[in-house]
Amino acid sequence: MASRVQQHWLTFSRMWLLCDARWQPAPELAKRICKYLEGRHKPVYHPLSDCGDHVVVINTKEVAFEKNQWEKKLYAVNTGYKNTMIAMSAKDFHRMDPTKVLEREVYSELPKNGQRKSLMTRLHLFADENIPDNIKENLVDIIPPVMEPPKRLDEFTEEEKASWPRLFIPPADYKPSD
Amino acid sequence: MANLIVGATGRTVTSGFLKSVLQNGTGRYVCQLQRITLKFCKASGQSRGVRDYVENHLLDFAAANPGVVVYVTPKPEIHARLVAEYLNGEVHTVFVDKKSAEEIKQHVQSLVWRSGLPLVRLRKTQHTETPSIQGQWTPFTNRPASSTVALEERLKRLKT
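Nothing here was measured: the structure is a model prediction, and the numbers come from that model. (Residues numbered from 1 in each chain as written. Chains lettered and ligands numbered in written order. Predicted model: local features only at pLDDT ≥ 70, side-chain atom pairs only at ≥ 80, totals over all residues.)

Colleague: For this particular structure, what's the right way to read the overall build of chain A?
Modeller: Scanning chain A from terminus to terminus reveals eight helices and six strands. Listing every helix and strand of chain A by position from the N terminus yields α-β-α-β-α-β-β-α-α-α-β-α-β-α. By sequence separation, contacts in chain A at least 24 residues apart represent 71% of the contacts at least 6 residues apart. (Helix = DSSP H or I, 4+ residues; strand = E, 2+ residues; numbered from the N terminus. Contact = placed C-beta atoms within 7 Å.)

Here's what the structure looks like:
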């Protein structure tokens, strides 16, 4: 049995959580990631106690937006020159760096105080599924997805395709007209 | 006394945690108020409520609280006040100018119930001397084993 002091260390130990951003809505996913970054999912949460977790996000290049948000949503970008803040659409911003959109979404979702930058250092974003080994060995748990990503047709097995309910079975010589 | 804050101004409110004097009340209860002094003017209108209180309620109070010494000290042209002295040496003063006898009765009762500890802003509304025997919560308590399996399976499916 661990001593009381060691138990305290275990209570506030940082977890490393995996999150898959494939076909997840970016604002809702950012909201969920913030909950884990701040530690609000823990029963011992208190705003003054630093009990947040590390979040490793993979597949950020496949993150989703609803409706025409890729064209409509604008991000302010500093070009590095004086008085040259420009607005870049989410589409262009994502094309520039596929991890930037989710980073901005999480940054704007976090509480606006001095903790924000230190919480952002615990967010690890990866465009695809290549995770460094030193991060992969720390992983402990998975963050549940905001929504289940729908399956593509080529991901269904032949049995599932055969057992799919059909309104009518076309004859063998059926040719769809153009 | 609460710990003095370095650089405190008049508007600084000291903060602290819930405390009691030697766990008073868990077994027997000892009234922490030892002495109460009623200072008022015999003539002024502002002390009229205190004079009413002395005439109508003070004897009942003294009979109900035999452990409290009550002094009545009329002085000319002073602000009416209740001075309470506690077991730990603290002295609290309540100014009761222009207050009715009923209000003063409530003030006196609140002085009786107090522990003598300084009034502070409470940082937490609960306190315990005996933490849980089950042990503190950790990220691994009540964690389903299936989550570990799900992570292992997901890590195997990574396209690296």
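Picking up after the structure, the text goes on.
Colleague: Please clarify how the nonpolar core should be interpreted in this entry.
Modeller: The nonpolar side chains of a soluble globular protein tend to be buried with one another. All names here are of chain A. With 24 residues, the main nonpolar core has Cys-19, Ile-33, Val-55, Val-57 and Leu-102 as its most contacted residues. When contributions to this core are tallied by element, the ones reaching two or more residues are strand E1 (16-20), helix H2 (26-38), strand E2 (54-58), helix H5 (100-109) and strand E5 (123-125). Top element by residues in this core is H2. It accounts for seven residues. Those residues in contact with Val-57, other than ones at most four positions away along the chain, are Cys-19, Ala-21, Ile-33, Leu-102, His-124, Leu-125 and Phe-126. (Core = buried A, V, L, I, M, F, W, Y, C linked by C-beta atoms within 7 Å. Buried ≥ 20, exposed ≤ 12 C-beta atoms within 10 Å, placed from the backbone.)

Colleague: In this structure, what is going on with the interface of chain A and chain B? I would like to understand it.
Modeller: Size of an interface, as often reported, equals the accessible area lost when the parts are brought together. Tallying the contact residues gives 15 residues for chain A and 13 residues for chain B. Of all the secondary structure elements, the ones that give two or more residues to the side of chain A that touches chain B are helix H1 (4-11) and strand E6 (141-142) of chain A. Counting residues per element, the side of chain A that touches chain B draws most heavily on H1(A), which supplies four residues.

Colleague: Is there a simple way to explain the sheet that holds strand E3 (residues 69-74) of chain B in this structure?
Modeller: Within a beta sheet, neighbouring strands are joined by backbone hydrogen bonds and run either parallel or antiparallel to one another. Residues and elements named next belong to chain B. Read across the open sheet, the four strands follow the order E3-E2-E4-E5; overall the sheet is mixed. Bordering the open sheet on either side are E3 and strand E5 (91-95), each of which pairs with just one other strand. Between one strand axis and the next, the sheet turns through 15 degrees on average, direction left out of account. In the sheet, strand E4 (residues 81-86) pairs with E5 via five bridges, with the strands oriented antiparallel. (Pairing = 2+ DSSP bridges. Axes fitted to C-alpha atoms, helices over the stretch in contact; angles between N-to-C directions.)

Colleague: Would you explain the pairing of strand E3 (residues 74-78) of chain A in this entry?
Modeller: On a regular strand, each side chain points to the face opposite its neighbour's, so the side chains alternate between the two faces of the sheet. Residue and element names in this part refer to chain A. Note that E3 and strand E4 (residues 85-89) share five bridges and pair antiparallel. Bridging across to E4, Leu-74 finds its partner in Ser-89. As consecutive antiparallel partners, E3 and E4 are separated by six residues, and within that stretch Gly-80 has a phi angle of approximately 100 degrees, a positive value.

Colleague: How should I be thinking about the sheet that holds E6(A) in this particular structure?
Modeller: Residue and element names in this part refer to chain A. Strand order in this open sheet of four strands is E5-E2-E1-E6, and the pairing throughout is parallel. Lying at the two open borders of the sheet, with one neighbouring strand each, are E5 and E6. The sheet contact formed by E1 and E6 spans two bridges and is parallel. Its bridge partner being in E6, Leu-17 is matched across the sheet by Asp-141.

Colleague: Any chance you could explain H5(A) here in plain terms?
Modeller: What sets the pattern is the α-helix's 3.6 residues per turn: residues three or four places apart point alike. Residue and element names in this part refer to chain A. Listed as buried for H5 are Val-101, Leu-102, Glu-105 and Val-106. The buried residues of H5 occupy an angular sector of 125 degrees when the element is viewed end-on, so they sit on one face. Those residues of H5 that are buried are in contact with H2, E2, helix H4 (90-96) and E5. (Arc of directions from axis to C-beta.)

Colleague: Please explain the packing of H2(A) against H5(A) as it appears in this structure.
Modeller: When two helices pack together, their arrangement is given by the angle between the helix axes and by the axis-to-axis distance. Residue and element names in this part refer to chain A. One can describe the packing of H2 onto H5 by two numbers: an axis separation of 9 Å at closest approach and a directional angle of 55 degrees. With respect to their mutual orientation, H2 and H5 come out oblique. Considering only the axes of H2 and H5, their crossing is right-handed. Between H2 and H5, the residues in contact are Ala-26, Pro-27, Ala-30, Lys-31, Ile-33 and Cys-34 and Val-101, Leu-102, Glu-105, Val-106 and Glu-109, respectively. Taken together, the residues of the contact of H2 with H5 break down into eight nonpolar, no polar and three charged. (Parallel < 35°, antiparallel > 145°, perpendicular 65-115°, else oblique. Left-handed = near helix turned anticlockwise from the far one by under 90°. Nonpolar A, V, L, I, M, F, W, Y, C, P; charged D, E, K, R; others polar.)

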